[in-house]
Every structure is written in structure tokens, then in C-alpha cells.
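Secondary and tertiary structure notes
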Amino acid sequence: MTIATTELLTVPEVMERLKLGRSTVYDLIRSRRLISFTIGRARRIPADAVREFIDHEIGEAA
């Protein structure tokens, strides 16, 4: 998949999708468990990274 077709999410959108608080999402980003990047001052998280994070967590729980 190319960057041009990847949906980019904001931190509040990731918070809503994962049902987590802002601090927890930023902790996941800081610990590199959730991939993100900045554009200017805006933090963006690829939707694919959120799906990969969920898949990884499910695999760890199994």
C-alpha cells in the first residue's frame, strides 16, 4: 500500500477507535508500539498502524 492511499488519523480519532485516553495513545506512540509521524505540529497515525497494533495485541493475548 502506498502513502497516497493510506488513511491518516488524528490522536483523537485513534482515541475513539481504541477507546483509550490521550495519555495512553501518546504512551503507545512514545514506546513505538504505535507508528506515527508529524506534519508540522500535527501528529498523524496511519490507519494501517492502528490495525497492526490491534492484530499484534490479539496475537499476544492468544
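Preceding this paragraph is the structure being described.
This section reports on the structure supplied with the text. (Residues numbered from 1 in each chain as written. Predicted model: local features only at pLDDT ≥ 70, side-chain atom pairs only at ≥ 80, totals over all residues. Heavy atoms only, no water.)

Pairing geometry for strand 1 (residues 8-9) and strand 3 (residues 42-46), over two bridges, is antiparallel. Within strand 3, the position partnered with Leu8 by the bridge is Pro46. By the bridge criterion, three bridges tie strand 2 (residues 37-39) to strand 3 in an arrangement that is antiparallel. Looking across to strand 3, one finds that Thr38 is bridged to Arg43. Linking two consecutive strands that pair antiparallel, namely strand 2 and strand 3, is a turn of two residues; a positive phi of about 65° is found at Gly40 within it. (Pairing = 2+ DSSP bridges. Helix = DSSP H or I, 4+ residues; strand = E, 2+ residues; numbered from the N terminus.)

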